Amino acid sequence: MSTLSLIFITLGVAVMGLMAYAATRPDEFRVERQARIEAPAERVWPLVSELRAFNRWNPYERKDPLIKGAYSGAASGVGSRYDWDSREVGSGSLEITALQHGRRVQMKLDFIKPFEAHNQAEFALQPLADGATEVRWTMQGPANFVSKLMGVFIDMDRMVGRDFEAGLQNLRQLAEARP
């Protein structure tokens, strides 16, 4: 057996091992971050429940000042929708699917570019006894084989989590600013 054959066989076994390992990864992913905001829930609520207000602190909007966005559907609340197209953050849409007034906003998050993905996002507000608000931002969705394979090399929680942390900091600054 030649050295070149041995190299190809070893490489093939390594690739098959990597693919087998990726196949054992979870079928779903979840990213969650939370922040304490020194403002009452009544001040935070409109900033997470209305898409135009959300985009004032959305970290992905801030990554690309040339992003092209369009609002459609209901002006606010369930059915409110935002579509975007950007060279920096890809393209997709975000639509409010459920609200529990003052407490929870659920959204359908569909990515088209750089890859297709269909996820759920949620903002949950918990008023605290001292007048502050705890905000939890969650995104979850299915992990297909390509996602699982990418996850071997890229930590989705760390990558997206950093953006969520930046966004929650933006939200904190906006909500805590005196009206």
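The structure this text deals with has already been given above.
Overview of the structure. What you see is a predicted model; the values in this text were computed from it and never measured. (Residues numbered from 1 in each chain as written. Predicted model: local features only at pLDDT ≥ 70, side-chain atom pairs only at ≥ 80, totals over all residues. Heavy atoms only, no water.)

Here the focus is the packing of aromatic side chains. Counted by the stated rule, this structure contains 11 aromatic pairs. With centroids separated by 6.3 Å and ring planes inclined at 85°, the aromatic side chains of Phe-54 and Trp-137 adopt a geometry described as edge-to-face. A residue pair is termed long-range when its members are at least 10 positions apart, and Phe-54 in helix α3 (residues 51-54) and Trp-137 in strand β7 (residues 133-142) qualify at 83 residues. Looking at Phe-54, the relative accessible area reads 4%, which means it is buried. Here Trp-137 falls in the buried class, since its relative accessible area comes to 4%. Aromatic rings pair up to connect Phe-54, Trp-57, Phe-123, Trp-137 and Phe-164 into one cluster. (Phe/Tyr/Trp six-rings, centres within 6.5 Å; stacked < 30°, edge-to-face > 60°. Helix = DSSP H or I, 4+ residues; strand = E, 2+ residues; numbered from the N terminus. Buried < 20%, exposed > 50% of the residue type's maximum accessible area, 1.4 Å probe, protein only.)

Glancing now at a nonpolar patch on the surface. Taken together, the side chains of Val-146, Met-150, Phe-153, Ile-154, Met-156 and Met-159 present a nonpolar region at the surface, about 570 Å² in accessible area. For the nonpolar patch, the elements supplying multiple residues, two or more each, are α5 (145-153) and α6 (156-176). Ranked by residues supplied to the nonpolar patch, first place goes to α5 with three residues. Tracing the backbone through its elements, the reader meets Met-156 in helix α6. A residue is classified by how much of its surface remains accessible, and Met-156, at 30% relative accessible area, is partly exposed. (Patch = residues over 30% accessible without salt bridge, like charges linked within 9 Å, V, L, I, M, F, W, Y side chains within 5 Å. Areas by Shrake-Rupley, 256 points an atom, 1.4 Å probe, with all protein chains shown as cover. Salt bridge = Lys/Arg side-chain N within 4 Å of Asp/Glu carboxyl O.)

All quantities given are derived from atomic positions and should not be read as evidence of function.
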